[in-house]
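Report on the structure
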Amino acid sequence: MARLKQFFGAVLLATTMGSVPAMAEPLQWGFQGEQFEYRFGKNEDVFAWDFDAFAGSDERKFVWRSEGEYGLDEKAFETLENQARLQVPISPFFDAAGGVRLSTPEGGPNRVHGVLGVKGLTRQWFEVDADLFLSDKPFARFEAEYEALITNRITLTPSIEVDLPFVDDRRAGFGAWGPKVEAGARLSYDLVDRMVSPYIGMHYERKFGETGDLARKEGEGRDALYFVVGTKFVF
C-alpha cells in the first residue's frame, strides 16, 4: 500500500510540474462513479464499483480509475484494479491515455501493466474506451455504453465490456484468446439532477474458449446472471 501511495504521488507531481502552460488554465476536478452496486446472483452476491476521479485541465488530465468486485459470501476481493492515467485530447471528442494498471485481487496473482488507450464519444453518442494493457501477460479491453433518455429523469444505460487475453495467464484464470464478456442494462432515476442517480438492472458475465474451460476446472460456471441495485455519482 505504501508503494501504491508513493506511485500515485510521484505521477501527480510529475504531471503538475511538467504542465505549467496547461495548468495556467483553471484547474478542473471531478468524480464519475458509473457503478456502485450490489449484484444478487444464484450462487453468490457481489458488491461492485467502477469510477474515475480526475484533476487537470482541458489539455492535460490526471485520472485515477478504480474498479473491483467484492464477494459478499467469501468476504474477499475477487477482482481489484487501479489505474493512474494521463489523458490528452486528440480530437474534439476523444482523448488518448497512457499510464499504469495495478491488479491486486485477494489470493493473487498481482499484475502490473502499462496502459495505452483512447476514450471518447462516437457520432452516435456511444461512450467508448479501448485499452491495451502491456506486460508479459498482455490483453486488450473494450468498453461501450449508451445513455438512452426515456424521460428527463429516467435513463436506460446498456453496456458491454470485453477482456481479450493474448497469452495464457492461468493463475489469473485467462486462456489465450478466450474473451471474458460482461453485458448489462441499468435503469436509473436522476434523484439530484444527474449527480445522484439510483438504478436497478441486470448484469451478465460469460467466459469463452480456454478462459471458460479454466473456470470449469476451478469448479466455476462459464456464465453468471445478476440482478443489480445501485447508484451513480457524478460531481
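Predicted model only: the values in this text are computed from it and were never measured.

1. Observations regarding the nonpolar core
- Phe31, Trp49, Phe51, Ala53 and Leu80 form the largest nonpolar core, which has 5 residues in total.
- Beyond its immediate chain neighbours, meaning those up to four positions away, Leu80 contacts Trp49, Glu67, Gly68, Leu102, Ser103, Thr104 and Pro105.

2. Some details on the pairing of strand β1 (residues 28-41)
- The pairing of β1 with strand β2 (residues 45-56) spans 12 bridges and is antiparallel. If you follow Phe40 over to β2, its bridge partner there is Asp45.
- The loop that links β1 with its antiparallel partner β2 comprises 3 residues.
- Here β1 runs beside strand β13 (residues 223-234); their pairing, made up of 7 bridges, is antiparallel. Within β13, the position partnered with Gly41 by the bridge is Tyr226.

3. Considering the side chain of Asn82
- Within the secondary structure layout, Asn82 lies in strand β4 (residues 76-91).
- Among the polar contacts listed, one links the side chain of Asn82 to the side chain of Trp64, at a separation of 2.9 Å.

4. Notes on the pairing of strand β12 (residues 196-207)
- In terms of strand pairing, strand β11 (residues 180-189) meets β12 through 9 bridges, oriented antiparallel. Each bridged residue has a counterpart across the sheet, and for Ala183 the counterpart in β12 is Tyr204.
- Pairing of β12 with β13, which is carried by 11 bridges, proceeds in the antiparallel orientation. Of the residues in β13, the one forming a bridge with Val196 is Phe233.

5. Concerning helix α3 (residues 209-217)
- Within the span of α3, buried status applies to Thr211, Gly212, Leu214 and Ala215. All buried residues of α3 fall inside an arc of 160° around its axis, so they share one side. Along α3, the residues that are exposed and aim more than 90 degrees away from the buried face are Arg216 and Lys217.
- Looking at the packing, one finds that the buried side of α3 touches β10 (154-165) and β12.
- A positive backbone phi angle near 85° is found at Gly219, which sits one or two residues after α3.

6. Digging into the packing of aromatic side chains
- Under the definition given, this model contains 16 aromatic pairs.
- Ring plane angle 25° and centroid distance 6.3 Å describe the contact between Phe31 and Phe36, whose orientation is recorded as stacked.
- Phe31 gets classed as buried once you look at its relative accessible area, which sits at 17%.
- With centroids separated by 5.2 Å and ring planes inclined at 45°, the aromatic side chains of Phe166 and Trp177 adopt a geometry described as tilted. Of this pair, Phe166 sits in the loop between β10 and β11 while Trp177 sits in the loop between β10 and β11; the two residues are 11 residues apart in sequence, bridging distant segments of the chain.
- Between the NZ or CZ atom of Arg101 and the centre of the ring of Phe133, over which it lies, the distance is 5.3 Å.
- One residue, Arg206, lies across the ring of Phe208, its end atom 5.3 Å from the ring centre.

7. Let's talk about the confidence of the model for the protein
- Overall, the predicted model of the protein reaches an average pLDDT of 91, with 90% of residues at or above 70.
- A low-confidence stretch, residues 1-23 (pLDDT under 50), is modelled with 18 contacts involving residues beyond four sequence positions or located in other chains.

8. A short note on the pattern of salt bridges
- Enumeration over the complete set of coordinates arrives at 25 salt bridges.
- Of the charged contacts in the structure, one is a salt bridge between Glu205 and Arg39, with a shortest N-O distance of 3.5 Å. Residue Glu205 is found in strand β12, and its partner Arg39 is found in strand β1; the two are separated by 166 residues along the sequence. As far as the burial class goes, Glu205 and Arg39 line up, both buried.
- The partner of Arg65 in a salt bridge is Asp129, and the shortest N-O contact between them spans 3.4 Å. Separated by 64 residues along the polypeptide, Arg65 in strand β3 (residues 61-71) and Asp129 in strand β7 (residues 127-134) bring together distant segments of the chain.
- Judged by relative accessible area, which is 5%, Arg65 ranks as buried.
- When salt bridges that share partners are traced, they join Asp52, Arg65, Arg85, Lys119, Glu127, Asp129 and Asp131 into one network.

About the criteria used
- Residues numbered from 1 in each chain as written.
- Predicted model: local features only at pLDDT ≥ 70, side-chain atom pairs only at ≥ 80, totals over all residues.
- Heavy atoms only, no water.
- Core = buried A, V, L, I, M, F, W, Y, C linked by side-chain atoms within 4.5 Å.
- Buried < 20%, exposed > 50% of the residue type's maximum accessible area, 1.4 Å probe, protein only.
- Contact = heavy atoms within 4.5 Å.
- Pairing = 2+ DSSP bridges.
- Helix = DSSP H or I, 4+ residues; strand = E, 2+ residues; numbered from the N terminus.
- Polar contact = N/O pair within 3.5 Å; in protein donor to acceptor, adjacent residues only side chain to side chain.
- Arc of directions from axis to C-beta.
- Phe/Tyr/Trp six-rings, centres within 6.5 Å; stacked < 30°, edge-to-face > 60°.
- Lys NZ or Arg CZ within 6 Å of the ring centre and 35° of its normal.
- pLDDT = per-residue confidence, 0-100.
- Salt bridge = Lys/Arg side-chain N within 4 Å of Asp/Glu carboxyl O.

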